[in-house]
Protein chains: 2
Amino acid sequence: MLNFIYNTPTKVYFGKDEELNIGSIIKEYGFKKILFHYGQSSLKKSGLFDIITAKLRENGIDYVELGGVEPNPKLSLVEKGIEILKREKVDMILAVGGGSVIDSAKSIAVGCKVDFSPWLFNIKKETPKEHIPVGVILTLSASGSDMSNSCVITNDTTWQKTGFNSELNRPLFAILDPKLTYTVSKYQTACGVVDIMMHTLERFFSKGDNDTTLTDNLALGLLKTVYKEGIVAINEPTNYQARANLMWANSISHNGLTHCGREFLMSVHQLEHELSATYDNIAHGAGLAVLWPSWALKAYKAQPDRFLRFAYEVMEVTPTDNKESDIINAINKLKAYYVEIGMPAQLREFGVTYESLEPMALRLTNNKSKSFNDIINVDFDMALEIYKAAY
Amino acid sequence: MLNFIYNTPTKVYFGKDEELNIGSIIKEYGFKKILFHYGQSSLKKSGLFDIITAKLRENGIDYVELGGVEPNPKLSLVEKGIEILKREKVDMILAVGGGSVIDSAKSIAVGCKVDFSPWLFNIKKETPKEHIPVGVILTLSASGSDMSNSCVITNDTTWQKTGFNSELNRPLFAILDPKLTYTVSKYQTACGVVDIMMHTLERFFSKGDNDTTLTDNLALGLLKTVYKEGIVAINEPTNYQARANLMWANSISHNGLTHCGREFLMSVHQLEHELSATYDNIAHGAGLAVLWPSWALKAYKAQPDRFLRFAYEVMEVTPTDNKESDIINAINKLKAYYVEIGMPAQLREFGVTYESLEPMALRLTNNKSKSFNDIINVDFDMALEIYKAAY
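Computed from a predicted model, the values in this text were never measured in an experiment. Residue indices begin from 1 for each chain and proceed along its sequence in written order. Naming scheme: in the order in which they are written, chains are lettered from A and ligands are numbered from 1. The model is predicted, so local features are restricted to residues of pLDDT at least 70 and side-chain atom pairs to those at 80 or more, both for listing and for counting; the totals for chains, interfaces and linings are taken over all residues. Here the side-chain values reflect all heavy atoms present in the structure, with hydrogen atoms and water set aside.

Student: Which parts of the structure should I look at to understand the overall build of chain A?
Tutor: Helix and strand definitions follow DSSP, with helices as H or I runs of at least four residues and strands as E runs of at least two, each counted in order from the N terminus. Check the secondary structure of chain A and you find 15 helices and 10 strands. Radius of gyration: C-alpha atoms only; globule rule: 2.2 Å multiplied by the number of residues to the exponent 0.38. Compactness check: chain A gives a C-alpha radius of gyration of 20 Å against a globular reference of 21 Å for 391 residues, within 12% of the reference. Out of the 391 residues belonging to chain A, those deemed buried represent 64%. Sequence-distant contacts in chain A: of pairs separated by 6 or more residues, those separated by 24 or more amount to 78%. Summed over its atoms, the accessible surface of chain A is roughly 14200 Å², and 49% of this surface lies on carbon and sulfur atoms. Residues scored as positive are Lys and Arg, those scored as negative are Asp and Glu, and His as well as the terminal groups of each chain are ignored. In plain terms, the charge of a residue is placed at NZ if it is Lys, CZ if Arg, CG if Asp and CD if Glu. Charged side chains of chain A number 41 positive and 46 negative; the gap between the two group centres comes to 3 Å. When a residue's accessible area, from a 1.4 Å probe over protein chains only, is under 20% of the maximum for its type it is buried; when over 50% it is exposed; and in between it is partly exposed. Whether two residues are in contact is decided by their heavy atoms, any of which lying within 4.5 Å being enough. The method behind every accessible area is Shrake-Rupley, applied with a 1.4 Å probe, and residues are considered shielded solely by the protein chains displayed.

Student: Looking at this structure, I do not really get the confidence of the model for chain A. What am I missing?
Tutor: A low pLDDT score tells you not to read the predicted coordinates there in detail. Model confidence for chain A is summarised by a mean pLDDT of 96, while 100% of its residues fall at 70 or above. This prediction of the complex comes with two scores: 0.97 for pTM and 0.96 for ipTM. The pLDDT score gives, residue by residue, the confidence of the prediction method on a 0 to 100 scale.

Student: What is the right way to look at the pairing of strand 8 (residues 173-176) of chain A in this model?
Tutor: A regular strand carries its side chains on alternate faces of the sheet. Residue and element names in this part refer to chain A. Side chains of strand 8 alternate between two faces, with Phe-173 and Ile-175 and Ala-174 and Leu-176 buried alike. As judged from the 4 bridges shared by strand 1 (residues 4-14) and strand 8, these two strands associate in the parallel manner. Across the sheet, Val-12 pairs through a bridge with Ala-174, a residue of strand 8. Two strands make a pair as long as DSSP finds a minimum of two bridges between them. Bridge count for strand 5 (residues 134-138) against strand 8 is 4 bridges, and the pairing is parallel. Counted as the bridge partner of Leu-138 is Leu-176 from strand 8.

Student: How do you make sense of the relation of the copies chain B and chain A when you look at a structure like this?
Tutor: For the pair of chain copies, the relating transformation is a rotation about an axis with a translation along it. Its rotation angle being 180°, the transformation that places chain B on chain A also includes 0.0 Å of axial translation and leaves an RMSD of 0.0 Å. Classification of the inter-copy transformation places it as that of a two-fold axis. Residue B:Pro9 of chain B places its C-alpha closer to the rotation axis than any other residue of that unit, at 2.0 Å. Take the interface residues of chain B: 100% of them recur as interface residues in chain A, which is what a same-surface contact looks like. Least squares is the method for superposing the copies, and the C-alpha atoms it fits come from residues with pLDDT of at least 70 in both.

Student: I tried to follow the pairing of strand 4 (residues 92-97) of chain A on my own but got confused; where do I start?
Tutor: Residue and element names in this part refer to chain A. Most of strand 4 is tucked away, with 6 of its 6 residues classed as buried. Of the two faces of strand 4, the one holding Met-92, Leu-94 and Val-96 and the one holding Ile-93, Ala-95 and Gly-97 are both buried throughout. For strand 2 (residues 33-38) and strand 4, the ladder comprises 5 bridges, and the chain directions are parallel. Counted as the bridge partner of His-37 is Ala-95 from strand 4. By the bridge criterion, 5 bridges tie strand 4 to strand 5 in an arrangement that is parallel. If you follow Ile-93 over to strand 5, its bridge partner there is Val-134.

Student: What's the story with helix 13 (residues 323-340) of chain B in this structure? I'm lost.
Tutor: In an α-helix, one turn spans 3.6 residues, which is why side chains three or four residues apart end up on the same side. Residues and elements named next belong to chain B. Here, expected helix span is obtained from the residue count minus one, scaled by 1.5 Å. Taking 1.5 Å of rise per residue, 18 residues should cover 26 Å, and helix 13 covers 25 Å from first to last C-alpha, within 8% of that figure. On the buried face of helix 13, the contacting elements are helix 7 (186-204), helix 8 (213-235), helix 11 (284-299) and helix 12 (304-314). In the analysis that follows, any N or O atom pair within 3.5 Å is treated as a polar contact, provided that within protein one partner can donate a hydrogen and the other can accept it, and provided that, for residues neighboring in sequence, both atoms belong to side chains. Where helix 13 begins, the capping side chain belongs to Asn-322, and its oxygen is found 3.2 Å from the backbone nitrogen of Glu-324. Just downstream of helix 13 lies Gly-342, where phi reads positive at about 110°.

Student: Even after reading the chapter, I still don't get the packing of helix 7 (residues 186-204) of chain A against helix 8 (residues 213-235) of chain A, so can you show me in this structure?
Tutor: Between two packed helices, what matters for the description is the angle formed by their axes and the separation of those axes. All names here are of chain A. A fitted line through C-alpha atoms serves as each axis, taken over the contacting stretch for helices, and the angle formed by two N-to-C directions is quoted from 0 to 180°. Where helix 7 contacts helix 8, the axes come no closer than 10 Å and their chain directions differ by 170°. For the element pair helix 7 / helix 8, the angle class is roughly antiparallel. Counted together, Lys-186, Thr-189, Ala-190, Val-193, Ile-196, Met-197, Thr-200, Leu-201 and Phe-204 of helix 7 and Asp-216, Ala-219, Leu-220, Leu-222, Leu-223, Val-226, Tyr-227, Gly-230, Ala-233, Ile-234 and Asn-235 of helix 8 form the full contact between these two elements. Residues belonging to the contact of helix 7 with helix 8 are distributed by class as follows: 14 nonpolar, 4 polar and 2 charged. Note on angle classes: values under 35 degrees are labelled roughly parallel, values over 145 roughly antiparallel, values of 65 to 115 roughly perpendicular, and the remainder oblique. For this classification, Asp, Glu, Lys and Arg are treated as charged, while Ala, Val, Leu, Ile, Met, Phe, Trp, Tyr, Cys and Pro are nonpolar and the rest, including Gly, are polar.

Student: Just checking my understanding: could you explain the interface of chain B and chain A for this structure?
Tutor: When the parts of a complex come together, some accessible area is lost, and that lost area is often taken as the interface size. Counting from both sides, the interface comprises 41 residues of chain B and, opposite them, 41 residues of chain A. Of the roughly 3400 Å² buried between chain B and chain A, counting both surfaces, carbon and sulfur atoms make up 59%. Its largest share of buried area at the contact with chain A, chain B owes to B:Tyr6, B:Leu214 and B:Trp248, together 19% of the area lost on that side. The salt bridge definition used is simple: a Lys or Arg side-chain nitrogen within 4 Å of an Asp or Glu carboxyl oxygen. Taken together, the connections running from chain B to chain A amount to 2 salt bridges. Notably, a salt bridge pairs A:Lys224 with B:Glu313, separated by 3.8 Å at the nearest N-O pair. Using a 1.4 Å probe, buried area is obtained as the accessible area two parts lose upon being combined, added over both of them.

Student: Would you take a moment to explain the environment of A:Glu316 for this structure?
Tutor: Residues and elements named next belong to chain A. Among the structural elements, Glu-316 can be located in the loop between helix 12 (304-314) and helix 13 (323-340). In this structure, the C-alpha to C-alpha distance between Glu-316 and Lys-333, residues 17 residues apart in sequence, is 9.4 Å. Those residues in contact with Glu-316, other than ones at most four positions away along the chain, are Ala-311 and Lys-333.

Student: Just checking my understanding: could you explain the packing of helix 9 (residues 240-252) of chain A against helix 8 of chain B for this structure?
Tutor: For the pair helix 9 of chain A and helix 8 of chain B, interaxial distance at closest approach is 8 Å and the crossing angle is 50°. One element, helix 9 of chain A, and the other, helix 8 of chain B, form an angle in the oblique class. Counted together, A:Gln241, A:Asn245, A:Trp248, A:Ala249 and A:Ile252 of helix 9 of chain A and B:Thr213, B:Leu214 and B:Thr215 of helix 8 of chain B form the full contact between these two elements.

Student: Would you mind showing me how to read the nonpolar core here?
Tutor: Where a protein is soluble and globular, its nonpolar side chains tend to be buried together. Take the buried Ala, Val, Leu, Ile, Met, Phe, Trp, Tyr and Cys residues and link them wherever side-chain atoms come within 4.5 Å; each set so joined is a nonpolar core. The biggest cluster of nonpolar side chains holds 239 residues, and the ones touching the most others in it are A:Trp248, A:Trp295, B:Trp248 and B:Trp295. For B:Trp295, the contacting residues outside a window of four places in its chain are B:Phe205, B:Ser267, B:Val268, B:Phe307, B:Ile375, B:Ile376, B:Val378 and B:Ile386.

Student: I would appreciate a short explanation of unusual backbone geometry in the present structure.
Tutor: Keep in mind that most residues, glycine aside, have a negative phi and that most peptide bonds are trans. Residues and elements named next belong to chain B. Positive phi is not limited to glycine here, since Lys-124 has a value of about 60°. Relative to the helices and strands, Lys-124 resides in the loop between helix 6 (119-122) and strand 5 (134-138). For Lys-368, which is not a glycine, the phi torsion comes out positive at approximately 65°. A residue is classified by how much of its surface remains accessible, and Lys-368, at 54% relative accessible area, is exposed.

Student: Is there a simple way to explain the sheet that holds strand 5 of chain A in this structure?
Tutor: Sheet strands line up and pair through hydrogen bonds in the backbone, either parallel or antiparallel. Reading across from one edge, 3(A)-2(A)-4(A)-5(A)-8(A)-1(A)-1(B)-8(B)-5(B)-4(B)-2(B)-3(B) is the order of the 12 strands in this open sheet, with mixed pairing throughout. The strands lining the two open edges of the sheet, one partner per strand, are strand 3 (62-66) of chain A together with strand 3 (62-66) of chain B. Each adjacent strand pair in this sheet contributes to an overall mean axis angle of 25°, direction not counted. Sheet topology places strand 2 (residues 33-38) of chain B next to strand 3 of chain B; 5 bridges connect them, and they run parallel. Paired with B:Ile34 across the two strands is B:Tyr63, which belongs to strand 3 of chain B. Against the sheet, helix 5 (residues 99-111) of chain A contacts strand 2, strand 3, strand 4 and strand 5 of chain A, and its axis sits at roughly 165° relative to strand 4 of chain A.

Student: What should I look at first to understand empty space enclosed by the protein in this one?
Tutor: Rolled over the atoms, a probe with the dimensions of a water molecule shows which regions are left empty. The definitions used throughout rest on a 1 Å grid laid over the protein atoms alone, on which a cavity is an enclosed set of points accommodating a 1.4 Å probe that cannot get out and a pocket is an open set flanked by protein within 12 Å on both sides along at least five of seven lines; lining residues are those having an atom within 4 Å of a point. Grid points are joined across faces, edges and corners, and a volume is the space filled by probe spheres set on the points. Using the criterion set out here, one finds 4 cavities of 30 Å³ or more in the structure. Considering only enclosed or pocket space, the largest cavity measures out at about 70 Å³ in volume. In terms of lining residues, the largest cavity is bounded by A:Asn217, A:Leu220, A:Gly221, A:Lys224, A:Glu313, B:Asn217, B:Leu220, B:Gly221, B:Lys224 and B:Glu313. For the lining of the largest cavity, the secondary-structure elements that each account for two or more residues are helix 8 of chain A together with helix 8 of chain B.

Student: Sorry, what's going on with the domain arrangement of chain A here?
Tutor: Residues and elements named next belong to chain A. Parsing chain A into structural domains produces domain 1 (11-180) and domain 2 (187-390). Start and end points for every domain follow an automatic or database-based domain assignment. On a C-alpha basis, the centres of domain 1 and domain 2 stand 27 Å from each other. In this assembly, 28 residues from domain 1 lie in contact with 24 residues from domain 2. Both faces combined, the contact of domain 1 with domain 2 buries some 2100 Å², and carbon together with sulfur accounts for 57% of it. On the domain 1 side of the interface with domain 2, the three residues burying the most area are Ser-141, Lys-161 and Pro-178, jointly 26% of the side's total. Seen at the junction of domain 1 and domain 2, the total is 1 salt bridge. For Asp-280, the salt bridge identified is with Lys-74, shortest N-O distance 3.6 Å.

In structure tokens:
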């Protein structure tokens, strides 16, 4: 078991109608003026925009607004946010939306404290030392960005997509009302189910000995939960139990709990970030759903014991004498589950061209100069093999 | 699923030799002078005292010391600590020890900010509004006080023992080096195993629907871990894997994670606090080991589905056609496990007299005027029944 730091300072307000407390929560922290950051017009259509602004006014909290965050949030909008913050005296950023809005807010929060582009944080040329606090009202269970230390941005000049981790990225508070996800489409719900599972799968199948008993048992418990509740949420969008368990799993899956004592590299996420940076139409979760089984079929021999636990304890594969085939069955069963909830099975279904696979593998590995040395080493050749197997 | 607030701000530094960073950690927070609070002479014998004070000096951190915390920490020592803090300009309290030292530190931390006795917090006559921060170096895996919001103190004038919960009670940071528990005796290790399990068992068997899928799966994963690693730690005191998993389970078991969405009353803890307040020789974990099975045999009919999950998923009872007998087998199996790791089976083994049971039940229920309405209602009659069954 590796030494680790566990740091989850985000205060979570979880449950029905908790967003109605947004004004009093912000007031209690003593903030006077906020940047209200959000995505598309659905926030206004649903009425949530009006509810939040009413609560802000009731509590005497001034705000400036910046909407328009797109999936795979763009650096250009982050820069607009930073301009606003350098002009106006804002105490905190309220991100209302899913992971894209939260990550955009995180980038603004560190970017407003420096006189260079926050993209330098993403490409690890600079390390943030200050920020202004970010609060969250979550409307999509997927990224876990509401408690995580990560911030993934797409540079819409170079079309690179990459993230950086910093403890400053952890939101100050997060309001999680499962009812706010009732209107999330089946497709987006499914993308979220994949993303949540993947955050824990990539931590469970990571470098480390089998001595992290507690971490592993918590990870398997989380995976079982999402496997069970995910399909319910797809079939019954207003099932509170399913939506609530997915939402809480979204947070726990990416806050660090499921990798305590283990290494943490997330090579399939790296493969996917390259994919959705190249094809902006690909939702992160959908990309992961296609890539993970291809990766797993190449990786399982590196950690057969872990893949067996996954097979029996999560995927409920009936044990046979042939353990290898049990593992392969489990991987295929997860792939079939993803297809059942509406995910594509192959990259070509997104419109990905075969010719684009090699350039993606080249960009991912910085022209064959870098690799992701996880339980298998994802170098250029391996990346290309995985992309091709997923094609 | 009930609405909940999840708040675990304590920053955890986990792993081998992390205590060597104590000076630099405190320095980074900017504290200049601390109260070094600890328990018995073992800290000096083991050399840990000298290591810590050397690291403090190296980093220019001044300290005053207050040792002598006893198991079931006493109000009189807390009052001494408050006197010191009112006299000296101290920025934080460093608690080095187990739950008793940490709880004593927590009480001093809120008590030094008021002009009345902190006992008023414990008996819920007052609510703390300020504190000075508490940092922890943990040397015993049991109470989970290193991340919890609770603080249990014994009033050594009235011999009442009771706790209060406040978010101010959560330590600022906690250093958890499993190696520091290598020298913990088999008996104290076993008491810790019970305490850790009980913190989650009392949350798992609490009021609430069966819709808390994630919370329940995490709770069961934690219980399986402690059941497995507990016996290893008893038999092999220097087994890092076992000590590390117990230590991390100690924190997670009581930080709130395993009751998200559920009610949280801990009636068996209440029964035990009365017991160890009356009999100061009874370690908290040992008291719980004897009381829980007696409580469970009266309570299982209130939540048969949960008791069945406990039976099959934690206690590894082989399912039969008779579910009730599966549950009873599981309860008895846990009792046998506790005896195997060195816990007493009956209260009389502690020297408890039969005549003292009724006065204890009377004091617990404030002369029959109050009860603990958990999955079964523990009023005077029920408390007495449980004490008698455990006798």
